[in-house]
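What follows is the residue order along each chain.
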Amino acid sequence: MARIHFLTGNEGKVAEAAHHLEPLGHEVIHLAIEGIVEPQAEELETVARAKLDQAKAHLPDANDWLLVEDAGLFVEALDGFPGVYSSYALSTLGNHGLLRLLDHLHSEDLHVEAGLRRAEFKAVAALMTPEGVFIGEGTCLGRIAPAVDGEGGFGFDPVFIPRDLDLSGQPAEIGVQGEVSTHGRTFAAVDVDLKGKFSHRTRALKDLLAQLGTPE
Ligand code: ITT
């Protein structure tokens, strides 16, 4: 059981991490630091490690844990864009711009077959504990919605519909109704508990906790 300082400028991320970690007995504290620089890198892990390096001087107690995380939305028909450029794409294109881009591809008859709207969220979480640095990864398969849907969540949540999951929490076959489903709604239209069953963020945190040998 640890005090976990989560360095992020995104309160939605803190709420999701707390929702998963606090029932396991951990305390999640939002660490907001001005002036953290996110390098423009090809890999989420590079960005996460760079943030961890900058933040470690701000850890109030050496026995506490420090968590950072970097995530992105990877759209298949756009060859993985926006990916590591997700923050920039959200603040420039926005959700409506992303939908327009995909609709344009559709009208140009490019990538028309099944792959057109397939997408995934990926997250890399980096955790510093007194035992060392651990890296956890999580992926959430899904597709881009036909239109913006829902008022909750943050970022690209209003345009992302996760793939249903089977009983073991694995993605169901496309077109097959899974045991866990948002029934075609986006992450912005479901509560944090249901998003957490699918989310790249929860999966990255579970990956970390498994490496530490603590309950996931
Ligand atoms: P940090 O301070 O932790 O970096 P951030 O919001 O900039 O917060 P990222 O760089 O990890 O987070 O995320 C890149 C973009 O992807 C950003 O615009 C997020 O809003 C978006 N994003 C990340 N995770 C998401 C999720 O679970 N749902 C929707 N959008 C997400």
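The rules behind each value
Residues numbered from 1 in each chain as written. Predicted model: local features only at pLDDT ≥ 70, side-chain atom pairs only at ≥ 80, totals over all residues. Heavy atoms only, no water. Near = heavy atom within 4 Å. Polar contact = N/O pair within 3.5 Å; in protein donor to acceptor, adjacent residues only side chain to side chain. Areas by Shrake-Rupley, 256 points an atom, 1.4 Å probe, with all protein chains shown as cover. Nonpolar A, V, L, I, M, F, W, Y, C, P; charged D, E, K, R; others polar. Pairing = 2+ DSSP bridges. Helix = DSSP H or I, 4+ residues; strand = E, 2+ residues; numbered from the N terminus. Axes fitted to C-alpha atoms, helices over the stretch in contact; angles between N-to-C directions. Contact = heavy atoms within 4.5 Å.

Lay out the site of the ligand with the relevant residues and their values.
Around the ligand, a shell composed of 20 residues is seen, among which Thr8, Lys13, Glu38, Asp157 and Lys195 lie nearest. Here an oxygen atom of the ligand sits 2.6 Å away from a polar atom, N or O, in the side chain of Glu38. Phe156 is positioned such that a nitrogen or oxygen atom in its backbone is 3.0 Å from a nitrogen atom of the ligand. The fraction of the free accessible surface of the ligand (590 Å²) that becomes covered by protein chains is 89%. Among the residues making up the shell around the ligand, the classes are represented as 5 nonpolar, 7 polar and 8 charged.

Mind laying out the sheet that holds strand S6 (residues 160–162), listing which residues take part and the relevant values?
Reading across the sheet, the 6 strands line up as S2-S1-S3-S4-S5-S6 and stay open at both edges, with mixed pairing between neighbours. At either margin of the open sheet sits one strand with a lone partner, and together these are strand S2 (27–31) and S6. Each strand of the sheet is rotated relative to its neighbour by a mean of 35°, with strand direction disregarded. For strand S5 (residues 132–144) and S6, the ladder comprises 3 bridges, and the chain directions are antiparallel. Bridge assignment links Ile144 to a residue of S6, and that residue is Phe160. The strands touched by helix H1 (residues 11–21) within the sheet are strand S1 (3–7), S2 and strand S3 (65–75), with S2 carrying the most contacts at an inclination of about 170°. Helix H2 (residues 44–55) contacts S1, S3, strand S4 (118–129) and S5 of the sheet and is inclined by roughly 155° relative to S3.

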